[in-house]
Amino acid sequence: MSQTKENSPNSMLPELPDLPANVDRRTFLMRHAVIGAAAAMTGTTWTMEARAQQAAKEAAAPRLGSQLGADLNVVKASKGPVMTLADEFYKVGPGPSSSHTIGPMRITYDFYQRCTKLPADQLAKATGLKVHLFGSLSATGKGHGTERAALAGLLGKEPATVDPLFLDEMRNKPDQSYQVKLGDKSYKLTLADIVYDAPKGDFHHPNTMTCKLLGADGKPIYELEYYSVGGGFIEWKGYEPPKKNPPKYPYATMKELRAHAEKNNLTIAQVMMANETTISGKSEAEVNAFLDKIMNAMVATVKVGLTFKDDVLPGPIKLHSKASTVYERAQDDKYDSDKAIAIVSAFALAASEENARGHLVITAPTGGSAGVMPAIVYALAEGPRKVPREKIREGLLAGLAVGYLCKHNATLAAAEGGCQAEIGVASGMAAALICQVLGTPSQVLENAAESAIEHHLGMTCDPVAGYVQVPCIERCAFGAVKAWTAVMIATNEIASRHRVDLDTTIKTLADTGRDMNAKYKETSEAGLAQNLVLC
């Protein structure tokens, strides 16, 4: 029996006012409902008009991580085809965070290079350098070593080549000064020159920082506002992306990517390689050489991580490493039935603990998720399967397809989308890698990646004490195991019966990130970070 207009569910809703242009209707409706529920529970009386006004006010209020400047390239680039390249996405750098460590170091290194090119008369007036951190960089930067990374960049250090022991020295000797030369002058810089500024405000991006070359009066002679937009990617005010060639197979969705593969009888990896070469102008051999470098780095992080036995990770949590112990137990015949899961978990823990130590890791897509992909690569290449290098390369390309789409249509920054944007995306990338290595059809690859991401949706980022340790390290192990689980399910179902496509899940990831309470997006203001008391 059909419902009439009078008794339909929508007829029970109050008539809503015209909303201002800056108010999202969905957010307004959620706030309206929450205010009504709170009023009912507390016995407070709200007129319909007052309730609507308050909901509109709350919906329009700036929230950390909820709004992005419309002129950011990370926003504008989502309107066209995917143009990201492998050497932009997979980055080698110091842990524990791509957005809070690698990004800030890239930013201050960029600023230092700009300063070296300033006119001599301008440099002659300079008296020093200063960096201000805002938003999530200010809220959790101390636990991420952001001040050390930012200072190292000002000293001319790059993420891929910096000695982690140099960063450790900064941590162990916080009052030490370091000399930097600009023009004919030398300055002494300390960690005090990296200022933790306002954690909350109406920022252009949740990870905003300003770099300044100061004059004698303390006012900037030259300054620039930067943004660490996730995955180690950076932008600045007025940023223009580098010119690139158009892709051979343009796509902005998995549906479009799969259509290219199936129409041309190609694998996802082959489509990705074709785009890598046409966009960059590099040869396949050059792309493969870079992928080999990333593969070697991933294997190295796991190997080194497994050599530490029950050491205490840096920071106030006093967390003991466990990768080596988990791996040793997996070799015991008594636990043979657990061996596969235990070994993959140990590999993920090993790489993630290296990240927590501030050692060199690979963004895939981020530092916080730096244990997931290396665990899978190590298990396939160094484990009993001994998968050939060319197959791993193809898997890394397939993983990029998923990572690119998440960056393009959602986010890789936990400060913007929560941990679902880090561990969730990494798990989806790892599932795609496994499927490519196994030679599954493209739809099975999509289904596995979708499942892996789907079952991380809504995951918050609440690092205890601001350190990328609890719950981050173990989450890498769960992300790696979920990738295998997703592949197991996808390869044992009829692919066409899979009911959720990857594009829908990525859109949901983006929507969830926008709706998520700002406290749960790398601020350490809620969740485990709030409830776990360190003694």
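Residue positions are counted from 1 within each chain, in the order its sequence is given. This being a predicted model, a pLDDT of at least 70 is required before a residue's local features are given, and a value of 80 or more before pairs of side-chain atoms are given or counted; all residues contribute to the totals for chains, interfaces and linings. Think of the side-chain values as coming from all heavy atoms in the structure, minus any hydrogens and water.

Draft legend 1. Geometry of the pattern of salt bridges. In the sections that follow, a salt bridge refers to a side-chain nitrogen of Lys or Arg positioned within 4 Å of a carboxyl oxygen of Asp or Glu. Going through the model one piece at a time under the given rule, you end up with 19 salt bridges. A salt bridge links Arg114 to Asp110, with the nearest nitrogen and oxygen atoms 2.6 Å apart. Taken together, the residues span about one helical turn, with Arg114 and Asp110 both in helix H5 (residues 98-116) at a distance of four residues. Residue Asp511 pairs with Lys507 through a salt bridge whose shortest N-O separation is 2.8 Å. In this pair, Asp511 and Lys507 are both assigned in helix H21 (residues 502-515), four residues apart and thus about one turn of the helix distant. A network of salt bridges, in which partner residues are shared, links Arg258, Glu262 and Glu446. Every helix listed is a DSSP run of H or I at least four residues long, and every strand listed is a run of E at least two residues long, numbered separately from the N terminus.

Draft legend 2. Just the nonpolar core, in detail. Residues belong to one nonpolar core when they are buried, are Ala, Val, Leu, Ile, Met, Phe, Trp, Tyr or Cys, and are joined through side-chain atoms within 4.5 Å. Partly exposed describes any residue whose relative accessible area lies between the buried limit of under 20% and the exposed limit of over 50%, with all areas from a 1.4 Å probe on protein chains only and scaled to the type maximum. Counting 103 residues, the largest nonpolar core has Tyr90, Met272, Met298, Met373 and Leu396 as its most contacted members. Top contributing element to this core by residue count: helix H18 (residues 423-438), with 11 residues. Residue contacts follow a heavy-atom distance rule, with two residues in contact if any of their heavy atoms lie within 4.5 Å. If we skip the residues at most four places from it in the chain, Met373 touches Tyr90, Met298, Ala364, Leu396, Ala426, Met429, Ala430 and Leu433. Ranked by size, the runner-up nonpolar core spans 37 residues in total, among them Leu123, Leu151, Leu154 and Ile234.

Draft legend 3. The pairing of strand S8 (residues 233-236), seen in detail. Here S8 shows no split at all, with Phe233 and Glu235 on one side and Ile234 and Trp236 on the other all buried. Across four bridges, the pairing between strand S7 (residues 220-230) and S8 is antiparallel. Within the sheet, the bridge partner assigned to Tyr226 lies in S8 and is Trp236. Strand pairing is assigned whenever DSSP identifies at least 2 bridges connecting the two strands.

Draft legend 4. Here's a closer look at the sheet that holds strand S6 (residues 207-215). As summarised here, the arrangement of the five strands in space is S5-S2-S6-S7-S8, forming an open sheet in which the pairing is mixed. Where the open sheet ends on each side, the last strands, each with one partner, are strand S5 (194-196) and S8. Here the strands of the sheet are splayed against their neighbours by 25 degrees on average, with no regard to which way each runs. Pairing geometry for strand S2 (residues 126-135) and S6, over nine bridges, is antiparallel. For Phe134, the partnering residue across the bridge sits in S6 and is Thr208. Every axis corresponds to a line fitted to the C-alpha atoms, with the helix fit spanning only the stretch in contact, and the corresponding angles, defined between N-to-C directions, vary from 0 to 180 degrees.

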